Amino acid sequence: MDKFFINGGIPLRGEVEISGAKNAAVAIVTATILAEGPCILENVPEISDISICLRMLFDMGASIKPLKKNTIEIDTRGIKEPNVPYELARQMRASSYFLGTLLGKFNKANVPMPGGCDLGDRPIDQHLKAFRCLGASDEIDHGVVRLSADNLFGSQIYFDFITVGGTINAMFAAVKAQGLTIIENAAKEPHIVDLANFLNSMGADIMGAGTDVIKIRGVSSLKGATYTIIPDQIEAGTYMIAAAATKGDILVKNVIPKHLESITAKLRIIGATVVENDDSVRVFVENQLVKANLKTMPHPGFPTDMQPQMSTLLTLADGTSIVTDDIFDNRFRYVAELRRMGADISVDGKVAVIEGVGELTGAPVKATDLRAGAALVIAGLAANGVTEIDDIYHIERGYECIEEKLKQLGADIKRKSIPGTAVRQAL
Ligand code: EPZ
């Protein structure tokens, strides 16, 4: 297993290019299952979650052709069976998208229960509710979710609470269902809109993505399309916070500022300066950071995927900050690692109380999930001394070339392979 060694205390300065959005890309790559022709996808991030998705499609019979960096051609006409390989599927949450796409293509799907970041219980009851509304039956058989339908018919789907994956899977199953589907209480994340735009470019008829009511008129077939994936709002936010935490000054390029509004607003309250341009944001700090309270919400609220990073920044802000994250059962597993670095945080259920400290100090820590790992990188960049981060495979699931991008910003970060430890192979 590889580790990062970060010698912190260096203000980040310079420019960083943001890659394609992981949570859009995993949905769009999987959506190619519905296409009756080849798709060309651009701005696809080279991260392990995408590698796993592509490997699953390849193992099922799809042809995958890298055309150039971050651009791939995917032709899924070679997929003849609605069955997903077990081992790869259990490595990530996005494998649940094979349920909706295979159901949409074959009226059948046999997909292992999904895996992904350990953030507590992550059921798929709302996904199954959506499929049932459209006419599918389901059973869980030896760890595999089996769906089947004679035909899929448009219907009204009302989610009990906002679910990104549930909304995406309902879209997948509805685009070829007979008649009109209305999805109420839908998720509104930028990647929902990006997916709808991709599906519409294939010939789907989706209206209202980005609002809480999405209307889909089923069509008989979807063709191949060429599509460019949006920039990653969470990767961008992570670098914005790294700039603030190191009292640096960086230009984050290739972003959509509107997608960053809640992050920008919170950074300004804490005392960072954020200058918004058409497709970039500049972040720098001139004063002492001050406390702020934070509650994560579905988009357009503050994203839960930015909570560990923002909480890390608040450990260095004057005063007491209260962070509430009730989107998942437990998104504070990184707190114990931050305490090793001198952070003063206490957690009670879904609420963290953070007392600002003057500085963090480098220590050996372990990434517990993707965004927790990103938070520990930020802590290491800000800390005095060397921070050693283990299990960095979590970080590589969602951050393309993170050490190269940080080195370009002046960070002292090195990757070391630890001999004799199992190497996690996505491909
Ligand atoms: C997606 O996860 C993202 N993953 C997550 O990003 C992100 O944190 C989350 O949306 C919220 O924005 C991908 O897009 C691959 P949900 P998802 O369905 O779809 C519960 C990252 O760091 N729930 O909106 O799983 C669920 O347990 C990852 O990039 C049910 O109870 O999120 C959670 O508590 C981490 N039943 C809450 O709802 C269901 O059927 C929100 O989950 C579905 C969800």
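Residues numbered from 1 in each chain as written. Predicted model: local features only at pLDDT ≥ 70, side-chain atom pairs only at ≥ 80, totals over all residues. Heavy atoms only, no water.

**Details of unusual backbone geometry**
Now for step 1: Cis peptide bonds are those with omega within 30 degrees of zero, and the linkage from histidine 299 to proline 300 qualifies with 10°.
Now for step 2: Position of proline 300 among the secondary structure elements: in the loop between β17 (294-295) and α10 (307-314).
Now for step 3: Positioned with a positive phi, asparagine 254 is a non-glycine residue whose angle comes to about 65°.
Now for step 4: Judged by its relative accessible area of 26%, asparagine 254 falls in the partly exposed class. (Helix = DSSP H or I, 4+ residues; strand = E, 2+ residues; numbered from the N terminus. Buried < 20%, exposed > 50% of the residue type's maximum accessible area, 1.4 Å probe, protein only.)

**What to know about the site of the ligand**
Now for step 1: Taken together, 23 residues form the shell around the ligand, and within it Asp125, Gln126, Thr163, Asp305 and Ile327 come nearest.
Now for step 2: Contact distances for the ligand include 3.1 Å between an oxygen atom and a side-chain N or O atom of arginine 122.
Now for step 3: In the model, an oxygen atom of the ligand is placed 2.8 Å from a nitrogen or oxygen of the valine 164 main chain.
Now for step 4: Calculation on the ligand without its partners gives an accessible area of 830 Å², and the protein chains cover 91% of this total.
Now for step 5: Put simply, the parts of the chain that give the shell around the ligand at least two residues each are α1 (22-31), α5 (125-133), α6 (164-174) and α12 (370-382). (Near = heavy atom within 4 Å. Polar contact = N/O pair within 3.5 Å; in protein donor to acceptor, adjacent residues only side chain to side chain. Areas by Shrake-Rupley, 256 points an atom, 1.4 Å probe, with all protein chains shown as cover.)

**Observations regarding the domain arrangement of the protein chain**
How large an interface is tends to be reported as the accessible area lost when its parts come together.
Now for step 1: Taken domain by domain, the protein chain consists of domain 1 (2-19 + 232-417) and domain 2 (22-228).
Now for step 2: The straight-line distance from the C-alpha centre of domain 1 to that of domain 2 is 30 Å.
Now for step 3: On the side of domain 2, 25 residues touch domain 1, which itself brings 23 residues to the contact.
Now for step 4: Roughly 1800 Å² is buried in total at the junction of domain 1 and domain 2, and carbon and sulfur atoms are behind 50% of that figure.
Now for step 5: In terms of surface lost to domain 2, no three residues of domain 1 exceed His299, Arg397 and Glu400, which account for 36% of the buried area on that side.
Now for step 6: Our enumeration of links across domain 1 and domain 2 arrives at two salt bridges. (Domains from an automatic or database assignment. Contact = heavy atoms within 4.5 Å. Buried area = accessible area lost by both parts, 1.4 Å probe. Salt bridge = Lys/Arg side-chain N within 4 Å of Asp/Glu carboxyl O.)

**Regarding α5**
Now for step 1: Along α5, the residues that are buried comprise Gln126, His127, Leu128, Ala130 and Phe131.
Now for step 2: Where α5 is buried, its residues meet α4 (97-106), β7 (137-141), β8 (144-148), β9 (156-158) and α6.
Now for step 3: The positive-phi residue at the C-terminal boundary of α5 is glycine 135, with phi of around 110°.

**A look at the pairing of strand β15 (residues 272-276)**
Now for step 1: Pairing of β15 with strand β16 (residues 280-285) involves five bridges; the strand directions are antiparallel. The partner of threonine 273 across the bridge, within β16, is phenylalanine 284.
Now for step 2: Hairpin geometry of β15 and β16 is characterised by an intervening segment of three residues between the two adjacent antiparallel strands. (Pairing = 2+ DSSP bridges.)

**Observations concerning the pairing of β8**
Now for step 1: Note: strand β6 (residues 108-112) against β8, five bridges, orientation antiparallel. Looking at the pairing, proline 112 lines up with valine 144 of β8.
Now for step 2: As judged from the five bridges shared by β7 and β8, these two strands associate in the antiparallel manner. Bridging from a neighbouring strand, glutamate 139 pairs with arginine 146 of β8.

**Looking at the confidence of the model for the protein chain**
Now for step 1: Looking at the protein chain as a whole, the pLDDT averages 95, with 98% of positions reaching at least 70.
Now for step 2: Low pLDDT, under 50, characterises residues 423-427; the stretch is placed with nine contacts to residues that sit more than four places away or in other chains. (pLDDT = per-residue confidence, 0-100.)

**Some thoughts on the sheet that holds β7**
Now for step 1: Spatially, three strands are ordered β6-β8-β7 in an open sheet, and the strand pairing comes out antiparallel. Of all strands in the sheet, those with a lone pairing partner are β6 and β7, marking the two edges. Direction aside, neighbouring strands of the sheet carry axes that sit 15° apart on average.
Now for step 2: Where α4 meets the sheet, its contacts fall on β6 and β8, and the angle it forms with β6 comes to roughly 160°. (Axes fitted to C-alpha atoms, helices over the stretch in contact; angles between N-to-C directions.)

**A short note on α12**
Now for step 1: Given a rise of 1.5 Å per residue, 13 residues ought to cover 18 Å, and the 19 Å separating the end C-alpha atoms of α12 matches this to within 8%.
Now for step 2: A large share of α12 lies buried, amounting to 13 of its 13 residues.
Now for step 3: For α12, the capping residue at the N-terminal end is aspartate 369, with a side-chain oxygen 3.1 Å from the backbone nitrogen of arginine 371. (Expected span 1.5 Å × (residues − 1).)

**What about the sheet that holds strand β13 (residues 226-228)?**
Whether parallel or antiparallel, the strands of a sheet pair through hydrogen bonds between backbone atoms.
Now for step 1: Read from one edge to the other, the open sheet built from four strands follows the order β4-β5-β3-β13, with strand pairing classed as mixed. Both edges of this open sheet fall to β4 (63-68) and β13, since each of them pairs with a single strand only. Across this sheet, the average inter-strand angle for adjacent strands is 20°, counted without regard to direction.
Now for step 2: Where strand β3 (residues 39-42) lies against β13, three bridges are found, and the strand directions are parallel. Counted as the bridge partner of isoleucine 40 is threonine 226 from β13.
Now for step 3: The strands touched by helix α7 (residues 190-201) are β3 and β13; relative to β13, the strand with the most contacts, the crossing angle is about 165°.

**Observations concerning the packing of aromatic side chains**
Now for step 1: One pass over the structure, following the stated rule, counts three aromatic pairs.
Now for step 2: A centroid spacing of 6.3 Å and a plane angle of 40° characterise the contact between phenylalanine 332 and tyrosine 334, whose relative ring orientation is tilted.
Now for step 3: What makes phenylalanine 332 buried here is its relative accessible area of 5%.
Now for step 4: The buried category is assigned to tyrosine 334, whose relative accessible area is 2%.
Now for step 5: Above the ring of phenylalanine 5, the side-chain terminus of lysine 416 is found at 4.3 Å from the ring centroid. (Phe/Tyr/Trp six-rings, centres within 6.5 Å; stacked < 30°, edge-to-face > 60°. Lys NZ or Arg CZ within 6 Å of the ring centre and 35° of its normal.)

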